[in-house]
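# Inside the fold
Here's the letter readout for the chains.
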Amino acid sequence: MLPATFKLCAATSYRHLRNVTGLRRQAAVALGQELSKLSGRGAAPGAWIHQVRRRSSLLGSRLEEKPLGEVEMSYIKQGEEALQKSLSILSDRDGWKTETSVGNGDKVLSKVLPDVGKVFRLEVVVEQPLDAVYSELVDRMEQMGDWNPSVQEIKILQKIGKDTVITHEKAAAAAGNIVGPRDFVSVRCSKRRGSTCVLAGMATKFGAMPEQKGFIRAENGPTCMILRPVSGNPSQTKLTWLLSIDLKGWLPKTIINQVLSQTQVDFANHLRERLAQTVGT
């Protein structure tokens, strides 16, 4: 039989752990019940301690799986909606018109959608494998301001689960300061399905990041980037970028169209330069 102190400890732990709520309570109660069973079976102290350690490890791992709140779930839903809507837009191949075509094969197309407005589509091939491009755009997202002159700064305000983040982006002035500094608060989600990666986003509200002095709060979305290995050449990546932005303020449409299409072309060039510097270093 177990010494009385072990029985008392097991009983006391069980009563205390029952007071914990939610996921913690479920895991804790399971631990307490197991300890009570051990004490009833007269397990040796060594076995009892082993079970405490094993069950405590399980409890700790389960407590890390914190349930998401209603607000966090709403952000995840927004990210999923941006992804699905973006893919729906890109899957419709009709009505796209060429805005810009570059000698290296890069091109920007556009179309006008009734419920979204004008959207732009960049299609390029990058001479780097998919994982390198993905790491630069997702894992090192906050470093984008170091290599993309169109971006002053990107900060991750909150991470939600493994796929979703809330970001604040400050964009640099463009077109000779005709388009002044803008900033964006966005929900972004990243998904990897087989050899395809999709990075999607849209404008959102985040109480901790109100409008900033000196910036016009613009809105983007739905927007996304799709990364795929080039067929037959996995050392290359095809990047498709759907861009949809409401810059706010009063701006002639001709300037907006020129700025956005050129921004996409410039982005591709800066990304290539960045990857050439970082891959393999």
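Report follows, based on the coordinates.

Rules and cut-offs
- Residues numbered from 1 in each chain as written.
- Predicted model: local features only at pLDDT ≥ 70, side-chain atom pairs only at ≥ 80, totals over all residues.
- Heavy atoms only, no water.
- Helix = DSSP H or I, 4+ residues; strand = E, 2+ residues; numbered from the N terminus.
- Expected span 1.5 Å × (residues − 1).
- Buried < 20%, exposed > 50% of the residue type's maximum accessible area, 1.4 Å probe, protein only.
- Core = buried A, V, L, I, M, F, W, Y, C linked by side-chain atoms within 4.5 Å.
- Contact = heavy atoms within 4.5 Å.
- Salt bridge = Lys/Arg side-chain N within 4 Å of Asp/Glu carboxyl O.

Our focus in this paragraph is helix α6 (residues 253–278). Relative to the 38 Å expected for 26 residues at 1.5 Å per residue, α6 spans 37 Å between its end C-alpha atoms, a close match to the ideal helical length. Those residues of α6 that sit buried are Ile256, Asn257, Val259, Leu260, Ser261, Gln264, Val265, Phe267, Ala268, Leu271, Arg274 and Leu275.

Time to look at the nonpolar core. The tendency in soluble globular proteins is for nonpolar side chains to be buried as a group. If you look at the biggest cluster of nonpolar residues, it comprises 34 residues, and the most contacted ones within it are Leu122, Val133, Leu137, Leu227, Leu239, Phe267 and Leu271. Among the secondary structure elements, those contributing two or more residues to this core are β3 (117–126), α5 (130–139), β4 (151–160), β7 (196–203), β10 (223–230), β11 (233–243) and α6. With 8 residues, α6 is the largest single contributor of residues to this core. Residues within four places of leucine 271 in sequence aside, it is in contact with Val126, Val133, Glu136, Leu137, Trp147 and Leu239. Membership of the second largest hydrophobic core comes to 14 residues, among which are Ala82, Leu83, Ile89 and Leu242.

Moving on: unusual backbone geometry. With an omega of 0°, the peptide bond between glycine 221 and proline 222 qualifies as cis. One can find proline 222 in the loop between β9 (219–220) and β10.

What follows deals with the pattern of salt bridges. Counted under the stated rule, the structure contains 17 salt bridges. Of the charged contacts in the structure, one is a salt bridge between lysine 111 and aspartate 92, with a shortest N-O distance of 3.7 Å. Of this pair, lysine 111 sits in strand β2 (residues 107–113) while aspartate 92 sits in the loop between α4 (70–91) and β1 (97–101), placing them 19 residues apart in sequence. Judged by its relative accessible area of 8%, lysine 111 is buried. The partner of lysine 107 in a salt bridge is glutamate 123, with the nearest N and O atoms 3.9 Å apart. Here lysine 107, found in strand β2, pairs with glutamate 123, found in strand β3; they are 16 residues apart in sequence, far enough to count as distant. Judged by its relative accessible area of 9%, glutamate 123 falls in the buried class. In this structure, a network of salt bridges that share partners links the residues Arg93, Lys107, Arg121 and Glu123.

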